[in-house]
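# Analysis of the macromolecular model
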Amino acid sequence: MLPSSNPLPYSAGGHHSPKASKRLELKNTFQSVKSQISGRRYACLTFTVFLQILIIYSITRESPPPPSQTAVQRQRFESVETDSTALVDEDCRFGRVFVYDLPPLFNKELLDNCHELDPWSSRCNAVSNGGFGPPATGLDGIVPVNLTPAWFWTDMYAAEVIYHERMKEYKCRTLNQDKATAFYIPFYAGLAVGKYLWFNYTSKDRDYHAAAMLDWVKNQNPWRRSNGSDHFIMLGRLTWDFRRLTDADTEWGTKFIYMPLMKNVLRLSVERNKWDELEISVPYPTAFHPRSESDIRQWQNFILHRPRRRLFSFVGATRKKIQNDFRGILMSYCKRETTTCRVVDCSETRCYDGAPAILDAFLDSDFCLQPKGDGYTRRSTFDCMLTGSIPVFFWRGSFENQFQWHLPHDATSYSAFIDRDAVRNDTAIIRRVLERFSREDVNRMRATIAEFLPAVLYSRFGIHGNTDAFEVTMDSVLRRFMFQ
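Description of the structure in this document. (Residues numbered from 1 in each chain as written. Predicted model: local features only at pLDDT ≥ 70, side-chain atom pairs only at ≥ 80, totals over all residues. Heavy atoms only, no water.)

## Some points on the overall build of the chain
For the record, the criterion: Note on conventions: DSSP H or I runs of at least 4 residues are helices, E runs of at least 2 residues are strands, and numbering of each starts at the N terminus. Only protein chains enter the accessibility calculation, which uses a 1.4 Å probe; a residue whose area is less than 20% of its type maximum is buried, one above 50% is exposed, and one in between is partly exposed. The Shrake-Rupley method, run with a 1.4 Å probe, gives the accessible areas here. Residue values count only the displayed protein chains as cover.
A count of helices and strands for the chain gives 17 helices and ten strands. Residue burial in the chain is summarised as follows: out of 484 residues, 48% are buried. Total accessible area computed for the chain in this model is approximately 25300 Å², and 53% of it derives from carbon and sulfur atoms.

What follows is the structure, given as structure tokens:
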């Protein structure tokens, strides 16, 4: 047993400082202990005490100050971006896209003031929910119940918002300008000009947002390096709305495409000018936005096996102000062909954003008649193919040189063509031509549509294992810039 420690007397002849006294006290204690235990036990005790002192010193030493919250966020983001880059190199073999952070005037403020975008009614529903619009209702008995959450009343001109939302989460996006192959300008040009297309607005009103955006982007370093030749933009409206030829206030649209700074910029649009090599058409948004591969497979199976009672259908409205209106010809013919044609008269029925009446008619028909719309193409064509109905075109411009990245090059594999002049001479030719297709022909064409359908639909965040319309577009954009 170790002895208890006794107070150590100071020497009679002098005084010691407190520190000196403590050293002396420790020295005498160690000597006392050493004298009473063996050398081996003393060495073990000494090591134990030294180890405890070392541990206490390590715990109590001053720690460096924690990094600031901003530094932590930056480190975390850089780590995520580095990890992501390593993971998606194979998927992003054509490069990455940089998304400009535009002033709010060119996108966010347009959404915030959505009630002002249209002179007749609010556009807030149309641009809500990331461009998908409000959840669809009234689909009971038309689409499978478990798929209804994937349906929205999506506006035909909402692609500007949809593409921007998808770009924010795009797997091949980079925040480093020096690593980018392409530069995306998220300007909502169609929304910006929409309110100025009617009434007493001037050409300057229609050009204001576009001119201001170009004035901003021309001062960005990537633009200065390339003069815009590696930049692209999504135009939500038909190309013709951006091609005003003069500055006359009475002329339709904006001259955005013809502004000098736009001469090198690649443009995506729901309808392209076939003579413009810098313009690419992409699918109109439909009402179905699959959430998973399971949604897609179930819908494909549904449209392939659904019974259809009509040979063909027509959905539209006549344009009485247009002499010898072709839509009016189709409408009159279909209303007479009650056993073979199902008609939805949009002057009497709600016919926008993929309404239930449209879906029901197309799902019930083998073919759907697709005349020109405001341009050569129509949103209705994609609503038609969504249901597995086979589009019947009357203008070659409705399919030739359009949607080349998304649809088969051989249009006869998924559609029929009847010249409009032949129909004007004899409307009965429609039924005669369509009845020539055998059941095997119809099933084969429908199967082709079901196969490419995922490539013309817009999902919210992309679906693993499936390439949707957005991803088809982006792969093609990046490939084009990489090899230009």
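Back to the write-up after that little detour.
## Side note on the sheet that holds strand β5 (residues 279–281)
What counts is decided by this rule: When DSSP locates at least two bridges between a pair of strands, those strands are taken to pair. For every element, the axis is a line fit to its C-alpha atoms; helices are fit only across the contacting stretch, and the angle between N-to-C directions ranges from 0 to 180 degrees.
Spatial strand order, β1-β2-β3-β4-β5: five strands in an open sheet with parallel pairing. The open sheet is flanked by β1 (97–99) and β5, the only strands paired with a single partner. Each neighbouring strand pair of the sheet contributes to a mean axis angle of 25°, computed without reference to strand direction. As judged from the three bridges shared by strand β4 (residues 266–269) and β5, these two strands associate in the parallel manner.

## Here we look at the nonpolar core
Using the following cut-off: For our purposes a nonpolar core is just a set of buried Ala, Val, Leu, Ile, Met, Phe, Trp, Tyr and Cys residues, chained together by side-chain atoms within 4.5 Å. Two residues qualify as a contact provided that any one of their heavy atoms is within 4.5 Å of a heavy atom in the partner residue.
Formed by 58 residues in total, the largest nonpolar core has its most connected members in Trp151, Trp299, Phe312, Leu369, Phe394, Val423 and Ile430. Leaving out residues up to four positions away in the same chain, Trp151 has contacts with Pro135, Ala136, Leu139, Val143, Ala287, Phe288, Trp299, Leu359 and Leu386. Formed by 32 residues, the second largest nonpolar core is a distinct cluster that contains Leu117, Val161, Phe256 and Met259.

## Observations concerning the packing of aromatic side chains
Counted only if it meets this: Two rings from Phe, Tyr or Trp (for Trp, the six-membered ring) form a pair when their centres are within 6.5 Å of each other. A pair whose planes differ by under 30 degrees is stacked, one over 60 is edge-to-face, and the rest are tilted. Two conditions define a charge located above a ring, namely a distance within 6 Å from the ring centre to NZ of Lys or CZ of Arg, and an angle within 35 degrees of the ring normal.
Enumeration according to the criterion identifies 31 aromatic pairs in this entry. An angle of 55° between the planes, with centres 5.6 Å apart, marks the rings of Trp120 and Phe199 as tilted. One end of the pair, Trp120, is in the loop between α4 (108–112) and α5 (124–127); the other, Phe199, is in the loop between α7 (189–194) and α8 (203–217), with 79 residues separating them in the sequence. By relative accessible area, which is 55% here, Trp120 ends up exposed. Here Tyr184 and Phe232 contribute two aromatic rings whose centre-to-centre distance is 5.3 Å and whose plane-to-plane angle is 35°, an arrangement assigned as tilted. Within this pair, whereas Tyr184 is found in strand β2 (residues 182–185), its partner Phe232 is found in strand β3 (residues 231–235), the two being separated by 48 residues in sequence. Comparing Tyr184 with Phe232, the two get one shared label, buried. Feature note: the residues Phe98, Tyr100, Phe183 and Trp216 constitute an aromatic cluster, connected by ring pairs. A cation over a ring is seen here: Lys372 above Tyr376, with NZ or CZ 4.8 Å from the ring centre.

## What to know about the environment of Leu478
Its place among the elements puts Leu478 in helix α17 (residues 469–483). Here Leu478 falls in the buried class, since its relative accessible area comes to 2%. Counting along the chain gives 295 residues from Leu478 to Phe183, while the straight-line C-alpha distance between them is 9.7 Å. Excluding residues within four positions of it along the chain, Leu478 makes contact with Phe94, Gly95, Arg96, Val97, Tyr170, Cys172, Thr181 and Ala182.

## A look at the packing of helix α6 (residues 159–168) against α17
Helix packing for two helices is described by the angle between their axes and how far apart those axes are. Which entries qualify depends on this criterion: Orientation is classified from the angle alone, with under 35 degrees giving roughly parallel, over 145 giving roughly antiparallel, 65 to 115 giving roughly perpendicular, and any other angle giving oblique. Any residue outside Ala, Val, Leu, Ile, Met, Phe, Trp, Tyr, Cys, Pro, Asp, Glu, Lys and Arg is labelled polar, Gly included; the first ten of those are nonpolar and the last four are charged.
As a packed pair, α6 and α17 sit with axes 11 Å apart at the nearest point and diverge in direction by 75°. Judged by the inter-axis angle, α6 sits roughly perpendicular to α17. Here Tyr163, Arg166 and Met167 of α6 come into contact with α17, specifically with Ala469, Phe470, Glu471, Thr473 and Met474. Considering only residue class, the contact of α6 with α17 consists of five nonpolar, one polar and two charged.

## Section: the packing of helix α12 (residues 356–363) against helix α13 (residues 379–386)
The criterion, for reference: Throughout, a crossing is termed right-handed when the near helix is turned clockwise from the far one, and left-handed when it is turned anticlockwise from it by less than a right angle.
Where α12 contacts α13, the two axes come as close as 9 Å, and the packing angle between them is 55°. Viewed along their axes, α12 and α13 adopt a mutual orientation that is oblique. As α12 runs across α13, the sense of the crossing is right-handed. Contacts between α12 and α13 involve Ile358, Leu359 and Phe362 from the first element and Ser380, Asp383, Cys384 and Leu386 from the second. Grouping the amino acids of the contact of α12 with α13 by side-chain chemistry returns five nonpolar, one polar and one charged.

## Some points on the sheet that holds strand β10 (residues 416–417)
The strand order β7-β6-β8-β9-β10 describes an open sheet built from five strands, whose pairing is parallel. Of all strands in the sheet, those bounded by a partner on one side alone are β7 (341–345) and β10. Pairing between strand β6 (residues 310–316) and β7: five bridges, direction parallel. Paired with Phe314 across the two strands is Val343, which belongs to β7.

## Things to note about the pattern of salt bridges
Note the following rule: For salt bridges, the criterion is a side-chain nitrogen of Lys or Arg within 4 Å of an Asp or Glu carboxyl oxygen.
Going through the model one piece at a time under the given rule, you end up with 30 salt bridges. When the shortest N-O distance is used, the salt bridge between Arg123 and Asp155 registers 3.0 Å. Within this pair, whereas Arg123 is found in the loop between α4 and α5, its partner Asp155 is found in the loop between α5 and α6, the two being separated by 32 residues in sequence. The residues Arg123 and Asp155 share a single accessibility class, namely buried. Here Arg439 makes a salt bridge to Asp366, at a shortest N to O gap of 2.9 Å. A residue pair is termed long-range when its members are at least 10 positions apart, and Arg439 in helix α16 (residues 439–452) and Asp366 in strand β8 (residues 365–370) qualify at 73 residues. For Asp366, a relative accessible area of 5% corresponds to the buried category. A single network of salt bridges, built from pairs that share partners, joins Arg306, Arg309, Arg342, Asp360 and Asp364.

All quantities given are derived from atomic positions and should not be read as evidence of function.
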